[in-house]
Amino acid sequence: MKIIGSFVSPYVRKVLVCLELKGIAYEVDPITPFFGNEEFGRLSPLRRIPVMVDGDLVLTDSTVICEYLDETHGDPPLLPSNAKERARARWLDEFADTRLGDVFIWGLFYPKMVHPRVWGEPGDEKRIEQSLTIEIPAALDYLEREMPESGYLFGSLGLADISVATFFRNAHYAGFSVDPSRWPRTARFVEKVLGHPIFQKLLKLEQIQLATSIEGRRKALIEAGAALTEESIGVKEPRPGIMRL
């Protein structure tokens, strides 16, 4: 099984954690967002990551990929067995992918971290300020009502936990952390999920991806033990267009 996308992407991280949790072997082509060639555009018509290639099957949405993994690779389950809990888990996954993705990625991580590195110019400071002062607090107010007093959402680590927590890793890279005095449940939850050994294992590879140039990245990742594809569909120069980070 092959996963195309940067280790730093919250959506790629979500899929990789699910793969690791289920013990499924995989290889990664860690292309940086906006650096995909024509073959990438063919595989991912929306030019988004992650892309999963499993034989002749190609999927380009993180939730669809994770549900495919759950349906084809048994235990441990990623979704609860109870219908109401399973529906709630799917909703929290959707909330994370859409709302947390908007406020933490496009409203903070992208303008602060990605845009300057990729395009060599400052990000949108007004968007960053709006995210920090209005949009992120509103999203966290909602999460605070939904998060458990302790532990995971549905007993054991699953898709909803992973989907919510993954965005806080990118928020941390952009200098944001949850205020435990204002959002204590959310702060405890994020700390617990991101402290899981699988998240910690992937953190080492993310740090390498952030710290290395495109030219030296694959070599550094391989030396750190990452299972990478033999060939890459990445290019050296960024290409404008929509891509889910």
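Our subject is the structure listed above.
In short, a report on the structure.

Analysis parameters
Residues numbered from 1 in each chain as written. Predicted model: local features only at pLDDT ≥ 70, side-chain atom pairs only at ≥ 80, totals over all residues. Heavy atoms only, no water. Salt bridge = Lys/Arg side-chain N within 4 Å of Asp/Glu carboxyl O. Helix = DSSP H or I, 4+ residues; strand = E, 2+ residues; numbered from the N terminus. Buried < 20%, exposed > 50% of the residue type's maximum accessible area, 1.4 Å probe, protein only. Arc of directions from axis to C-beta. Contact = heavy atoms within 4.5 Å. Pairing = 2+ DSSP bridges. Axes fitted to C-alpha atoms, helices over the stretch in contact; angles between N-to-C directions. Polar contact = N/O pair within 3.5 Å; in protein donor to acceptor, adjacent residues only side chain to side chain.

### A few points about the pattern of salt bridges
Taken as a whole and judged by the stated rule, the model has 16 salt bridges. Linking Asp29 and Arg218 is a salt bridge whose minimum nitrogen-to-oxygen distance equals 3.7 Å. Taken together, the residues Asp29 in strand E2 (residues 27–29) and Arg218 in helix H9 (residues 214–223) connect sequence positions 189 residues apart. A relative accessible area of 23% places Arg218 in the partly exposed class. Salt-bridge contacts for Glu135 lead to Arg127; the nearest nitrogen and oxygen are separated by 3.9 Å. The class of Arg127 is partly exposed, set by a relative accessible area of 23%. Here the salt bridges share partners, and the residues they tie into one network are Arg99, Asp102, Arg127 and Glu135.

### Some words on helix H7 (residues 184–194)
For H7, the set of buried residues is Thr186, Ala187, Phe189, Val190, Val193 and Leu194. Down the axis of H7, the buried set is contained in an arc of 165°. They therefore lie on one face. On the buried face of H7, the contacting elements are helix H5 (125–146), helix H6 (159–173) and helix H8 (197–211).

### What to know about the sheet that holds E2
With mixed pairing, 4 strands are arranged side by side in an open sheet as E2-E1-E3-E4. If you trace the sheet from one side to the other, it starts and ends with E2 and strand E4 (57–59), each paired once. The sheet shows a mean angle of 20° between the axes of neighbouring strands, direction not considered. Alignment of strand E1 (residues 2–4) against strand E3 (residues 51–54), held across 3 bridges, turns out to be antiparallel. Along E3, the bridge assignment pairs Ile3 with Met52. Against the sheet, helix H1 (residues 10–22) touches E1 and E2, its axis set at about 160° to E1.

### A few points about the side chain of Arg217
Assignment of secondary structure puts Arg217 in helix H9. Taking relative accessible area as the criterion, Arg217 reaches 11% and is therefore assigned buried. A polar contact of 2.7 Å, which involves the side chain of Arg217, links it to the backbone oxygen of Thr212. Arg217 has contacts with Thr32, Gln209 and Thr212, leaving out every residue within four places of it along the chain.

### A short note on the environment of Leu140
Here Leu140 shows up in helix H5. With a relative accessible area of 0%, Leu140 lands in the buried category. On a C-alpha basis, the gap between Leu140 and Leu43 in space is 35 Å, while along the polypeptide they are 97 residues apart. For Leu140, the contacting residues outside a window of four places in its chain are Phe104, Phe168, Phe176, Trp183 and Thr186.

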